[in-house]
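If you want the building blocks of each chain, they are given just below.
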Amino acid sequence: GMHGTNGTMFARRTGRGSAICTYNPAKPEAAPKTIFETEKGFVFDMSPSFDGKKLVFSYKEDNNLPFHIWEMNVDGTGMKQLTKGPYHDVSPIYYGDGRVIFTSSRVESFSLCQDFLACALYVIDGDGSNMRRFDWTTLCTLSPSVLADGSILCTRWEYQDKNIFMWEGLWTINPNGRQLKLYHG
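Note that this is a predicted model, so its numbers are computed, not measured.

Peer 1: Sorry if this is basic, but what is going on with the overall build of the chain here?
Peer 2: If you tally the helices and strands in the chain, you get zero helices and 14 strands. Helices and strands appear in the chain in the N-to-C order β-β-β-β-β-β-β-β-β-β-β-β-β-β. A buried classification covers 45% of the 185 residues belonging to the chain. Carbon together with sulfur atoms contributes 52% to the accessible area of the chain, which is approximately 9800 Å² in total.

Peer 1: Just to check I follow, could you spell out the pairing of strand S3 (residues 42-48) for this structure?
Peer 2: The side chains of a regular strand alternate between the sheet's two faces. Bridge analysis of S3 against strand S4 (residues 54-60) gives six bridges, and the strand direction is antiparallel. Across the sheet, residue aspartate 45 finds its bridge partner in S4, namely serine 58. Taking the residues that link successive antiparallel strands as the turn, the S3-S4 hairpin has five residues, and the phi of glycine 52 there is positive, at about 75 degrees.

Peer 1: Whenever I open this one, the packing of aromatic side chains confuses me. Can you help?
Peer 2: In this description, an aromatic ring pair is defined by two values, namely the gap between the centres and the angle between the planes. The tally for this structure, following the rule as stated, stands at seven aromatic pairs. Each ring, one from phenylalanine 36 and one from phenylalanine 57, has its centre 6.1 Å from the other, and the planes form 45 degrees; the classification is tilted. Taken together, the positions of phenylalanine 36 in strand S2 (residues 33-38) and phenylalanine 57 in strand S4 put the pair 21 residues apart, joining distant regions of the chain. On the numbers, 5.5 Å between centres and 50 degrees between planes, the contact of phenylalanine 44 with phenylalanine 67 is tilted. Taken together, the positions of phenylalanine 44 in strand S3 and phenylalanine 67 in the loop between S4 and strand S5 (68-73) put the pair 23 residues apart, joining distant regions of the chain. On the accessibility criterion, phenylalanine 44 (35% relative accessible area) is partly exposed. A relative accessible area of 0% means that phenylalanine 67 is categorised as buried. Within the aromatic cluster, the residues linked to one another by ring pairs are Phe36, Phe57, Tyr59 and Trp70. In this structure, arginine 156 is placed above the aromatic ring of tryptophan 171, and the distance from its NZ or CZ to the ring centre is 5.2 Å.

Peer 1: Sorry if this is basic, but what is going on with the side chain of aspartate 135 here?
Peer 2: Inspection of the secondary structure puts aspartate 135 in the loop between strand S10 (132-133) and strand S11 (140-146). Of the residues examined, aspartate 135 reaches a relative accessible area of 1% and is grouped as buried. Separated by 2.8 Å, the side chains of aspartate 135 and arginine 156 make a polar contact. Those residues in contact with aspartate 135, other than ones at most four positions away along the chain, are Ala120, Leu121, Thr141, Arg156 and Ile173.

Basis of the calculations
Residues numbered from 1 in each chain as written. Predicted model: local features only at pLDDT ≥ 70, side-chain atom pairs only at ≥ 80, totals over all residues. Heavy atoms only, no water. Helix = DSSP H or I, 4+ residues; strand = E, 2+ residues; numbered from the N terminus. Buried < 20%, exposed > 50% of the residue type's maximum accessible area, 1.4 Å probe, protein only. Areas by Shrake-Rupley, 256 points an atom, 1.4 Å probe, with all protein chains shown as cover. Pairing = 2+ DSSP bridges. Phe/Tyr/Trp six-rings, centres within 6.5 Å; stacked < 30°, edge-to-face > 60°. Lys NZ or Arg CZ within 6 Å of the ring centre and 35° of its normal. Polar contact = N/O pair within 3.5 Å; in protein donor to acceptor, adjacent residues only side chain to side chain. Contact = heavy atoms within 4.5 Å.

See below:
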């Protein structure tokens, strides 16, 4: 049931249940420890904080609900929801100052010539407040990652001089929305 190259893919998941586990490679004989588990929902992706004390992740509480951004301590305590609403919020990462950058379908549109949800990059403060969009693509921006210079590396679905279903170029953008540049592709 999954097709497309962007935001709709995370909405078309089948099956239920997932867990977040920790594993100590220094003790391979020890079993992984489950710090979070859900039978009804699904964890899509996660990233650790720069100090290694917290995890930020996208999670849908039920198969019929959208993904939202959640945070918890690496021991599984202190779980809290950072985003709400009828949108899919996925691929969260921590920025160096504690803000969280993520991809969202909050753009409320579809990708030009397809029936796929469009999505763009958003940023929130560490407590989930002060949400704002900083990427203004007309198609889809996905998979943010922080580079050493503080810019955000991401993929952008575009189809200029290439197959629209396979290639996404790598781009960089600052979290203030400035300096969008092609990185590779």
